[in-house]
Each structure stands twice: as C-alpha cells, then as structure tokens.
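Chain and residue survey
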Amino acid sequence: MRFDVLTLFPETFSLVMKESIIGRAQEKGLIEVNAVNIRDYTRDKHRKVDDYPFGGGNGMVMMCQPMFDAYRAVTEGLQTKPKVIYMSPQGRVLTQKVAVELSKEEHLILLCGHYEGIDERIIEELVDEEISIGDYVLTGGELPAMVLIDCVSRLVPGVLSNEGSFSEESHFNGLLEYPQYTRPAEYEGKQVPEILLSGHHANIQKWRSARSLERTRIKRPDLYENHIKSSEGKI
Ligand SMILES: NC(=O)c1ccc(NCc2ccccc2N2CCOCC2)nc1
C-alpha cells in the first residue's frame, strides 16, 4: 500500500514514519510513505504557496497551482487515479471501521492543509473525501495524516507480526479491550487476577469478555449500545 502525502513539512513525515512498526513495514516493502514538498512545485523565487483570501478576512489560504502541480507529478503515468483524501476538521471522522475500509485501497494521496485552509477549487477538483481525526482544531493536516497512516497501515496484512491479536482489540469488535497483565504475578503486593494464572482458557476467555463488556458499558455507553443492538437477533 502506498501513501503520497502532499505537505509543506515533508521532513516531519520521514522522521515519524521511519520509526517502529511503520518503518519496518516500509523496509519489508508492505507499505510506502512518500512525502512530497508542495513548495517544490512553486514557480516563483520566493516559493510562495499561500496568498490572501478573496473577500478579506485574516490568515492566508493555500494556492491552487503548487498543489495541482504536486498532485499531477505524483499521479503522472498511473493507470488508475488514487483516492485523494483531504485532512480537514470538516471531514468524515476516522474510526476503526473507516480505517478498515481505507486499508483496502492500494494507493492513497493525502493532502495536508495549513494556514486557514486551501483554495476550494483544490477540494472540488482533486479531493475525493475529507477526513477528520476528531472534533478539534490543529495547526495543520500533518498530524492527522500521520494518524491515518498509522491506523490504516497496521491493518495491511503482514505489518503486524501478531495479526490475530487485533481482532480482539479495542474498537475492533466494537468493544473496549479487557485489562492486560504481565509478570510478575505480584508487584508491591498487587496481585494479577487469579483466573489469568489458571491456564483455563475457556474461563479466561469468559472473564475477558465480561471485562470488555463491563468497561465498555461504563466508559463508552455509546459503543455498548451499538454492540447490544448488533448482537440482538444473533443467536
Ligand atoms: N480534526 C482534524 O482532523 C483536523 C485536520 C486539520 C486541521 N488543521 C488544518 C486544516 C485543514 C483544513 C481546513 C482547515 C484547517 N485548519 C487550518 C488552521 O486553522 C484551523 C483549521 N485541524 C484538525
């Protein structure tokens, strides 16, 4: 799976994206993350990427030409046009379900906005979908793009070594994850729940499901409701 990220801060990506799992997945050739500097597609000696908003107002707006030319450079010679996602507070909120959907794509282009946003003609012409990572405002689209790359990449087959695990993970089966413990069995007088040391897998599974349901009901009643609804009608 390939991600082309059009950004004013390409170096931010290479630092974060070459770390840990994403970095290893790139070495294994499972994913590619290519940061494209929009400024490289400017045509003036000041490498101008933004200008004043028509109609007045404070702040600046990202101009069409550098973004269009960066897009054309990235898509030149491609048989199929990749899906273009604009990271924006107005977008569809990224959930695990959306991440699963996006992980089926072969190639994604992510546009990172800055200033007060980008010229609307870029959105009309180039953007297939706007995605938000949550209802809060950031100074730019780079962090949202990295969040999207992380949560989508880990769903690409082969990226996670213990692939089986994420099926039980929080937000995957719609419930929050059960509590996790590791050695030692006692730490400063604090014990690990006995059941987990019993080796009785059926009972451990039952205990874990009960814990997941319980903490989802308490911490995320909205997810709990969905889970109850979706399991109604199932025997
Ligand atoms: N929730 C998210 O996914 C998210 C994404 C981006 C983002 N910021 C970049 C941005 C992108 C598009 C439009 C406006 C802006 N902003 C420019 C600066 O002013 C605030 C709005 N913020 C939050």
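Residues numbered from 1 in each chain as written. Predicted model: local features only at pLDDT ≥ 70, side-chain atom pairs only at ≥ 80, totals over all residues. Heavy atoms only, no water.

The name recorded for the protein chain in an unreviewed UniProt entry is tRNA (guanine-N(1)-)-methyltransferase, from Ruminiclostridium hungatei. Regarding the protein chain, the relevant UniProt record gives this comment under Catalytic activity (unreviewed entry): "guanosine(37) in tRNA + S-adenosyl-L-methionine = N(1)-methylguanosine(37) in tRNA + S-adenosyl-L-homocysteine + H(+)". (UniProt positions renumbered as here; feature names shortened; annotations may be inferred.)

When the parts of a complex come together, some accessible area is lost, and that lost area is often taken as the interface size. What the domain assignment lists for the protein chain is domain 1 (2-153) and domain 2 (168-233). Put simply, the middle of domain 1 and the middle of domain 2, counted by C-alpha atoms, are 37 Å apart. (Domains from an automatic or database assignment.)

A few words now on the UniProt feature "binding site: S-adenosyl-L-methionine" (unreviewed entry) in the protein chain. Sites flagged by UniProt as "binding site: S-adenosyl-L-methionine" (unreviewed entry) map to Gly113, Ile133, Gly134, Asp135, Tyr136, Val137 and Leu138. Residue placement: tyrosine 136 occurs in the loop between β7 (129-132) and α6 (142-153). A polar contact of 3.0 Å, which involves the side chain of tyrosine 136, links it to the backbone oxygen of isoleucine 133. Inspection of the secondary structure assignment puts leucine 138 in the loop between β7 and α6. Filtering out sequence-adjacent residues up to four positions away, leucine 138 remains in contact with Ile133 and Pro144. (Helix = DSSP H or I, 4+ residues; strand = E, 2+ residues; numbered from the N terminus. Polar contact = N/O pair within 3.5 Å; in protein donor to acceptor, adjacent residues only side chain to side chain. Contact = heavy atoms within 4.5 Å.)

This brings us to the site of the ligand. In the region of the ligand, 15 residues are neighbours, and Tyr86, Tyr115, Ile133, Gly134 and Leu138 sit closest. Contact distances for the ligand include 3.2 Å between a nitrogen atom and a side-chain N or O atom of serine 132. Between the ligand and the protein, one listed contact pairs an oxygen atom with a backbone N or O atom of isoleucine 133 at 2.8 Å. Of the residues that constitute the shell around the ligand, the class distribution is nine nonpolar, six polar and no charged. (Near = heavy atom within 4 Å. Nonpolar A, V, L, I, M, F, W, Y, C, P; charged D, E, K, R; others polar.)

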